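# Examining the three-dimensional arrangement
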Amino acid sequence: MKLRKGDIIFIVIVVAIFLVFYLISGDVKTKAVPRNAQHQQVYDMLAAGKSKSDIDLVCVTCHDGVNIKFPPDHPVKPTGGKMSCHLCHRMS
Ligand code: HEC
Ligand code: HEC
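In this text the structure is predicted, and so the values were computed from the model without any measurement.

## Here's the deal with the overall build of the protein chain
Looking only at helices and strands, the protein chain features 4 helices and 0 strands. Counting from the amino terminus, the protein chain carries its helices and strands in the arrangement α-α-α-α. Across the 92 residues in the protein chain, those meeting the buried criterion constitute 3%. In the protein chain, the proportion of contacts linking residues at least 24 apart, taken out of those at least 6 apart, comes to 56%.

So this is what it looks like as structure tokens:
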């Protein structure tokens, strides 16, 4: 089978659309919760079926803004009440 020029243009457009969706999904900018020793317990909770809003309470025991600082431009501040980390930092 030989690809015609029109087919190639079509494929390029489809790929470009998917790329745009991927870039605006936010996943590209916000870091995922790393899979390492510090974060093993939160992944264990997730595997045990704990809800993600319960897991968020564990995040702030370490990420309290004092021992581990947030970037200065972090969208939510550590004193601003309940923080829904999981909405922006995915766990996978
Ligand atoms: C046992 C303590 C602990 C818990 C609980 C914890 N973290 Fe962390 N986290 C750390 C440490 C330590 C680092 C590395 C900090 C540094 O490099 O300054 C880190 C780094 C990160 C990073 C940055 C990763 C990177 O690639 O730079 C993100 C995002 C993060 N944590 C999110 C979370 C979220 C969301 C939760 C809750 C689901 C969580 N953490 C729970 C200790 C913890
Ligand atoms: C409204 C979205 C949002 C929420 C909610 C949020 N973050 Fe973030 N976070 C970001 C963005 C955006 C950045 C900057 C981009 C990046 O480095 O991931 C960031 C950066 C970070 C970093 C630094 C990553 C690095 O570069 O080392 C850590 C650690 C972190 N967040 C932890 C948390 C924790 C813990 C919570 C919950 C207590 C939380 N975040 C809640 C959006 C969010």
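Once the structure has been displayed, the description carries forward.
## Observations concerning the site of ligand 2
Neighbouring ligand 2 are 18 residues; K31, H63, M83, C85 and C88 lie closest to it. Mapped by element, the contributors of at least two residues to the shell around ligand 2 are α3 (52-62) and α4 (85-88). Looking at the shell around ligand 2 residue by residue, the class counts come to 10 nonpolar, 5 polar and 3 charged.

## A short note on the site of ligand 1
Of all residues adjacent to ligand 1, which total 16 residues, the nearest are Q38, V42, C59, C62 and C85. Put simply, the parts of the chain that give the shell around ligand 1 at least two residues each are α2 (40-47) and α3. Broken down by element, the shell around ligand 1 gets its largest block of residues, 5 residues, from α3. Tallied by class, the residues present in the shell around ligand 1 amount to 9 nonpolar, 6 polar and 1 charged.

## Some words on the environment of H63
Locating H63 in the fold gives a position in the loop between α3 and α4. The exposure class assigned to H63 is partly exposed, which follows from the 17 C-beta atoms found within 10 Å. Linking H63 and P78, residues 15 residues apart in sequence, is a C-alpha distance of 8.0 Å.

## With respect to the environment of V58
Structurally, the position occupied by V58 is in helix α3. Residues within four places of V58 in sequence aside, it is in contact with Q41, V42 and M45.

Rules used in this analysis
Residues numbered from 1 in each chain as written. Chains lettered and ligands numbered in written order. Predicted model: local features only at pLDDT ≥ 70, side-chain atom pairs only at ≥ 80, totals over all residues. Helix = DSSP H or I, 4+ residues; strand = E, 2+ residues; numbered from the N terminus. Buried ≥ 20, exposed ≤ 12 C-beta atoms within 10 Å, placed from the backbone. Contact = placed C-beta atoms within 7 Å. Near = placed C-beta within 6 Å. Nonpolar A, V, L, I, M, F, W, Y, C, P; charged D, E, K, R; others polar.

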